[in-house]
Each structure stands twice: as C-alpha cells, then as structure tokens.
Amino acid sequence: MGQPRAIFRDYPAQESLRSDRSAGDRARHRHKVREAIRDNIADIVAEQPIIGRSGDTIIKIPVRGIKEYRFTYGKGGDGDGKGEGAAKGQEQRAGTGDGTTQEGQILKKGDQEGQDPGGEGGSEEGVDYYETEIMLEELVEIMFEDLELPNMERRRMRETLSERNLKRAGIQRAGTPATLDKKKTLRSLIRRRLAGGTAHLTDPPPLRRDDLRYKRRKPKIKKESNAAIICIMDTSGSMDTTKKYLARSFFFLLYQFVKRRYRAVEVVFIAHHTTAKEVTEHEFFHKGESGGTMISSGYKKALGIIAERYHPDVWNLYAFHSSDGDNFSSDNEAMLECAKKLCMACNLFGYGEIKPWGNGLIETFKKNLPGKNFMPVTFDSKEEVWPAFKKLLGKERRANSRTPQQVKEAEDA
Amino acid sequence: MPDEKVASGKNLAPQAEGADWSMTDLVAWDERIRVLVDDFGLDCFEQEFEVCDHEQMLGFMAYHGMPAHYPHWSFGKSFEQQKTYYDLQVSGLPYEMVINSNPSVAYLMRGNSLCLQILTMAHVYGHNDFFKNNFTFRHTDPKGLLARINVHGNRIRDYMADPSIGVEKVEPVLDACHALSLQISRNPAVKRLSREKQEDRLIDAANKDPKIDDKKLAKELGKPLLEAEEDLLILIRDHAPDLKDWERDIVNIAHQEAMYFLPQIETKIINEGWASFWHHQIMSSLDLPHGTRMEFMVRHHQVIRPTPGNINPYHLGFETWRAIAKDALGLSDEEDDGGPLPLLGATGKEARQAMFNIREVDRDVSFLRQHLNENLMRKMDIFSYGPTQQGDLVVNKVSDEENWQSVKQTLLRQVGMGGVPIIKAIDIDVKRGHKLKLLHEQGERELDPEHARHSLNHLFDLWRRPVDLETKVDGKAILYLVNDEGFSVKE
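Residues numbered from 1 in each chain as written. Chains lettered and ligands numbered in written order. Predicted model: local features only at pLDDT ≥ 70, side-chain atom pairs only at ≥ 80, totals over all residues. Heavy atoms only, no water.

A.B. asks: Looking at this structure, I do not really get the overall build of chain B. What am I missing?
C.D. replies: Regarding its fold elements, chain B presents 18 helices and 11 strands. Relative to a compact globule of 491 residues, whose C-alpha radius of gyration would be 23 Å, chain B shows 25 Å and is just as compact. Referenced to the eigenvectors of the C-alpha coordinate spread, the extents of chain B come out at roughly 80 × 60 × 50 Å. When each of the 491 residues of chain B is scored for burial, the buried share is 57%. Contacts spanning at least 24 positions in sequence make up 72% of the contacts within chain B whose residues lie at least 6 apart. Of the roughly 20,200 Å² that chain B leaves accessible, carbon and sulfur atoms contribute 50%. (Helix = DSSP H or I, 4+ residues; strand = E, 2+ residues; numbered from the N terminus. Rg over C-alpha atoms; globule rule 2.2 N^0.38 Å. Buried < 20%, exposed > 50% of the residue type's maximum accessible area, 1.4 Å probe, protein only. Contact = heavy atoms within 4.5 Å. Areas by Shrake-Rupley, 256 points an atom, 1.4 Å probe, with all protein chains shown as cover.)

A.B. asks: Before we go on, may I ask you to explain the interface of chain A and chain B in this structure?
C.D. replies: By a widely used convention, the size of an interface equals the accessible area lost when the partners come together. Listed by partner, the interface residues are 73 residues for chain A and 108 residues for chain B. Both sides of the chain A and chain B interface together cover about 8,100 Å² of buried area, and 52% of this is carbon and sulfur. In terms of surface lost to chain B, no three residues of chain A exceed R70, F71 and Y73 of chain A, which account for 12% of the buried area on that side. For the interface between chain A and chain B, the tally reads 7 salt bridges. Ionic pairing is found between R9 of chain A and E50 of chain B, a salt bridge with its closest N-O pair at 3.0 Å. Along the contact surface separating chain A from chain B lie 32 residue pairs in polar contact (both at pLDDT 80 or more). (Buried area = accessible area lost by both parts, 1.4 Å probe. Salt bridge = Lys/Arg side-chain N within 4 Å of Asp/Glu carboxyl O. Polar contact = N/O pair within 3.5 Å; in protein donor to acceptor, adjacent residues only side chain to side chain.)

A.B. asks: Looking at this structure, how should I read the pattern of salt bridges?
C.D. replies: Two side chains carrying opposite charge are able to pair once their charged atoms lie near each other. Using the criterion set out here, one finds 38 salt bridges over all chains in the structure. For E374 of chain B, the salt bridge identified is with R378 of chain B, shortest N-O distance 3.1 Å. Highlighted residues: E374 of chain B and R378 of chain B, both in helix α16 (residues 374–379), separated by 4 residues, approximately one helical turn. For E450 of chain B, the salt bridge goes to R453 of chain B, with nearest N and O atoms at 3.4 Å. In this pair, E450 of chain B and R453 of chain B are both assigned in helix α18 (residues 449–463), 3 residues apart and thus about one turn of the helix distant. You can call E450 of chain B partly exposed: its relative accessible area is 23%. Several salt bridges share partner residues, and in doing so they unite R28 and K32 of chain A together with E168 and E171 of chain B into one network.

A.B. asks: Help me out: how do you make sense of the sheet that holds strand β5 (residues 106–108) of chain A in this one?
C.D. replies: One key point about sheets: their strands pair by backbone hydrogen bonds, in either a parallel or an antiparallel sense. If you walk across this open sheet you meet the 4 strands as β4(A)-β4(B)-β5(B)-β5(A), and the pairing is antiparallel. Both edges of this open sheet fall to β4 (93–96) and β5 of chain A, since each of them pairs with a single strand only. Looking at each pair of strands side by side, their axes are set apart by 45° on average, direction ignored. The sheet contact formed by strand β4 (residues 382–387) of chain B and strand β5 (residues 393–398) of chain B spans 5 bridges and is antiparallel. What sits directly across from F383 of chain B, in β5 of chain B, is V398 of chain B. This element, helix α17 (residues 404–414) of chain B, spans β4 of chain A together with β4 and β5 of chain B of the sheet and lies at about 105° to β4 of chain A. (Pairing = 2+ DSSP bridges. Axes fitted to C-alpha atoms, helices over the stretch in contact; angles between N-to-C directions.)

No statement about biological role is implied by the geometric values presented.
Pasting the structure below:
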C-alpha cells in the first residue's frame, strides 16, 4: 500500500486544550477600530441614524484608516478600446455567466459602488473603506472619551458611603490572615526580642500571637456632587422637521453623554412653544408640537423646576436650550430676564441656535449675557452638530471658563 | 486579485450541531478513500486530520491554518469579518482547510455531516498530491514549515514583549511588510544571483563592450544595486540604511512568509480544480449509502457552480481538468454522463500520466493558456467587463468566435500574481542620501493611485530616505515621491 495510514486527532474534550490564539489580535484590531471611529466621529454623527435608538442597537459604520493597502491596478487599458462608452483606461475583468450573457449587458448599476474613488469598480474588493458593526452604546462611549461637563464639583458635595472601596487606617492587633501586615509583625517581634535581650541568641524565641499586627481598613467615604441637566427644546411651528432633527441630535448626544458619564446626574426635559411643559425622555425625543414661540415660557418652567427641586447652592446645574431663535419680539425682554436668572443659577447655560430666522437671538444673548457661563453655539447642518457639541463640552472650553461666583464678584466690583 | 489564503476554502451553509458520525467512521472511510488514492496513482505526503469546532476553524482561517503564526491585528480583523459572516449566516465556513506541510495537516469541522467529512478527506488528498508534486511548491520546504512558523512567531512575540521595542514599534514594521510582501520575484524556479555572480556578469559585459573603461566599470561595481530588484522586502532587508537588527529580522520573516504564499496564489485554479476533480472521481467510485450519495451530489454542485459575474476557481479548474481528462481518454462531450471517468484501465493510466505531467509543470497562467479552449470558454460563458464613465459595469466582450481570445487574455491577466503590478528598484543613489528609485514595469494597466500612495508611505516607513516611483497615467510618465515632507506627485 503506497499511502501510509492517516493520523486522526479528535476534538479535545477539555476546553483548556482549545486555546484561543486569536484573542490578542482581535483586541488589537478592536482597538484600531475604536481609534478610527474616534477620528471620524463628526461624519458618523452626521451620517448615522442614531437618534433615539436604544443602546443595544447595532449600527453599521464605515471605518477609514484600517484598510490594508498593497500596490494594485486601478485603471488599465481596454486593449483595443472597443467597448462602447467604456470609461477610458478602466480596468477590465473576466467573469462567468449563465450561458446567456450578451455584449453590452449591464452587470451592475454604478450609483453607489461605481463612484468609488479607488476605481476598483468591478472587483470584489471594491469597497474603499471597511465597515464595522458596533453597538450604539459602545460608539457613544468612544465618542465621549474626551469630553466632560464643565465646572463640575463646585457646589457642596454630597457625601456617600461607597461600600466596595476601603482605605487603610493604621494597624490593629486582631484580624484575618489576609490582612496580616508582615513588616509590622516582624518589627514587633524584633522589638520584643531586643527588649527581652534575646536578639543575639542563635535560637531566639519564636513568633507569638502578641506580635501579630493586622492592617486596619475602613470604608471610604466618597464625595459625589449633585448635578442636574435641564434640556429645553423649542418645538414651535417654525422648527421644521430638519431643525427638530438637528435639535434632537444635539440633545441626544448630550443626554447619552450625561447618562454614561455621571450616574448620579438627574435630567429634566422641557418642551416649549408659547407654553412649556416638562415631558418624558421619550416624548422629548419623539413628539412633535406646533404653534408660536415664547422662549421665556421654557426658561420660566426651568427656573420653576430649579426652585422646586434643585437648589443652586447644593446642585451643579446645567441648562441647555435649542431653538431657531424665532421668538415673539414682545417676549424678548422676559426671555433675557429669565436667561440671566438661569445663568446665575447654573454652572453653564448653553444655547444652541439652528438655522436662525433673520438674525436669530445669538447677538441679543451675547450683548445681554456677559457671563462666561453662557455658551452660545450655532449649527446649520448635521455635519455641524458634533463640532458644536464639542465646543460646548470640550476641554478647550473649560480652560477659560469662569464660575458664576467669579462673574458675580466681577460684576460687584 | 490573488487571495493569500493558504488553503483553499469553499463557503457553504453551516451545519447544525449533532453530527451523524464517529471517529471510527472517519478512520474507516479514510481507509477506503486511500485505496482509491492509490489506485488512481496520486502521490501524497502523510496525512493528518484534526477535528475542530467552528470557532477554531475561524481561527485557523484567520492565521492561514497556522495557529502558532506571529500575531498581527490584520488576523484579528480577518477573524472578525469571517465570524460576522458566519453569525449572520451570510456564508458558512469552508469545509476544507489544508496546510502544505509535510506531513500534510487538514481540519475537519465537527459540526459537519458524514458526507461532508468524506468529501473533505477526498478533496484534501487531491491538494496533498498537488502540494507534493507541483513545481511551484518545490522550494517551500514543507517538512520544516510548522517549526519555522513557530520559531518566527516566537521571535516576533519576543520583540513585542521586549520593553525596549514593544507592540507599538513592531506593528508599523509588520504593516509595512504586509503592504509590500507581494512585490516579489514571480518565478520561484528562477534562482537569485549572488552578488558575486552579478558582478561577474557585469564584468563579462564590460569586457565585450569597448566603450566601458575600467573607471566606468569600477563605478558600476561600487553601486549597491547591480541589477534591478523586484523583491522589495529583500531590497529593504539588504539595503535599507537605517534599519535596526530586529527590524531587519521581521522584514526577513515577512519575506519568507510571502515566498510560502506565492505558490498558493499562483496555483489557485489549477490546484482547486485538481482537488475537485479527484474528490469527484473518488466519491463517485466509493460505495456510498444512498442518502450520502444524494447529499454529495448537492454539495459537489455547490462547490463547483459558477459565481455569476466572477470567477469561481473550483468551477473553472474543475471544468478545465475534466476536459483535459476526457480529451486524454478520447471521450467526446456527448459521451460524458457527468459520472466518474474510466481512469483505471490501460488507456486510463495513460490519461492519468498526461494529467500528472500537467499538475507538475503548470501554474494558473500556463494551465489556462494551454488548456482553456474556445469550447470551454463558450460552455462556461466567460465574458469580459469593465466600468463605463457612468460607473456601470458593462459586459464588453463575450466568448464568441471573434472575441474569445481577447476575453481569455483579460482572464489570464487577472489570475495568479497577474493582479499584482511589477515594481522594480532600479537605483539607490548613495550620494543623495540613499534615495531609492523605483520603476513600475507597465503593461496596459495603471496603478491604483490611492493604494500606491499608502504603499509608498509604508515603504518609506522602512526605507526612511526619499523614494520615488515612476509610472504612467494616461500614457504620460509621472513620479510619485515620498520623503520627510510626505507624499507628492510630480507630472
């Protein structure tokens, strides 16, 4: 017999023998994907329908930058260039058909893939970027890695006892073996021997129970700040679908950010047109309204809620308002009045203006709200949502921001 | 484009758990298969089969079948992609994965049916025979393969663990090596000339040419490159001025690996066709239970069916090999019932010998050039296509009397290493800071600019001195330049 017997190796019964060699490389790849996503967040926020989705939604996002490159052909001669209307110099490939293929038959309409700048039109690997699937939750986490709420931890801290964390607090004479302090124990042994004059003996007295020292631990008291975010959105008639979408995108980012970063933060949603009411998260992100606009109604509602539930002495407060700035002019005075009060009460009052009608309110606000804890941003398209959001919460802002106290002091002086 | 998978995979829907076989069954069927392998005169290395689960199979696929392979994020990417497809049931797993080592190692997935296991084993013996006998694999040293991969893997893992080097430094070197690894001498049968031999050649040429005086010759002999170098990783390993020892080592490892993959790329169609031809022959000759036989016919059809608009190497290879066999046996298409061919008698032996000769001396390009005839081209409805200015993909030629040869030329250009442009280093200018000059040896096709830019940047990561590449766009020569200031194009 020419062929020697084949060797068969059965599937190992124990899991430990089935090692996962790829784990490290998968983690490394994942890491690179995250980096690529972070580099492209503005595009992703603009392009991906993430608004109002729950955290376990899986979304597909294009990732640039981790594609592998090699020298390859893009364009190339058509040989004799006979193909009618053939793009000059494009690559030709061969394929098999079902037996009925005709000259001039269209294999694929070029609406999507054909525009591919890589020019790989016909080949299987025609995608110029690499698509990955990611849970919304994970995406949000990546997005907010660099951001933090400005002026946090200023107001009085609430002290909470966190049970998991213990801190060291000296030594004690009784304890469990796990908490034995070997160094201190030996030191007390040596001290006893020296005191008893037995230290020089070749066979000194052994360790006694009295010598044992244990580390003492006590629960750590963690200081947590109280924070509340007040989201105010203009839902009036002039806020058309696009504007509402932009405003919601903005608040969605804000809400996701706050929810992930600060477990103890409370969030209040207020929707207003000529009157305002407090709504649920779902209503805020999904319900539409119409009617005229009186921005002061939204601010008054916010001030009411602050007075009722979140005393500014104890709470770090953040208020964000999004509108197209199309306010009844008769309301402007009341609006500014309330805005000033909001500025006084809050660590930060952010105003996001979307595609303003006429001049909008940005200038009015800027003129009348001198404090640095007022932050106006504008965004006209979905591409601008993320930069605006970053401007509001990014590190660069915090560097030169002042607290309301400082503003107050400055004004008093 | 060549795909660099070691072993050839074929996608099928994943099998449910709860297999209908035991190890004893596999051994017994292997016994029967080997009798036929002997009868047909296939010449194989010793064979080992390892039973694995689907997660392991995904892992083997990502690492080209070699679990001890050095780590790199691209394998993680490959794993994730395969796993996503598998989880979404877009594609199944390949039911065959063979490594061209000696002894040959192949994996059998435990979730597969008995029929698939038998089919896989029969198919694997076909590959095994091909690996052992085809000329392109002769230099691959299959005996030492697994040990070598292991040693290379450990060395790179050591560099990654070394606190003075670390993953962050090793990774860009591997990234660059991977981008350049297919820029390699095409024909492994052509031996590289040593520096001495190259010098001798130069001196001989100078002696015959009175115009070259001693001074000129001495200048020529003093150059780092005496002849154009097609092997870019070798060029970097031997001439890059600033590489550290560990970097040179990694470049060398990557080059050896590329040398191992080259024959796989060059023989995809002929090799898959060969294995499919023999699994069909063996399975049709085995006394299979009725249900298994029916399943085999379905599976076999799934393997060798054409993928519309593309080339399925199993399909093209199988049809071509079968035509060769029928031709050698003197059978016409009408006499072919699709069953096993009479390859065992005296005429059969002669036909087999003719086939064995072809499997020894051909790779995809030569195999198709000689054996893919008009009749086969028509039967498989092979056509050529390209994008229009609107970006539509349009068929421009079909295999009719007038155009089949043109279509065939298009096909021949895309098989094997045909999709990889030839780029040669033609000069290292020592006086100008080791500036490297590259030339794209151009046919009709142009370089993809995006890929060229990134690949050159990778090259610069290792060369670390200015590099320029000459190529043509719309018939006009242009230079791609990369230096400390980045990438630029000069018309």
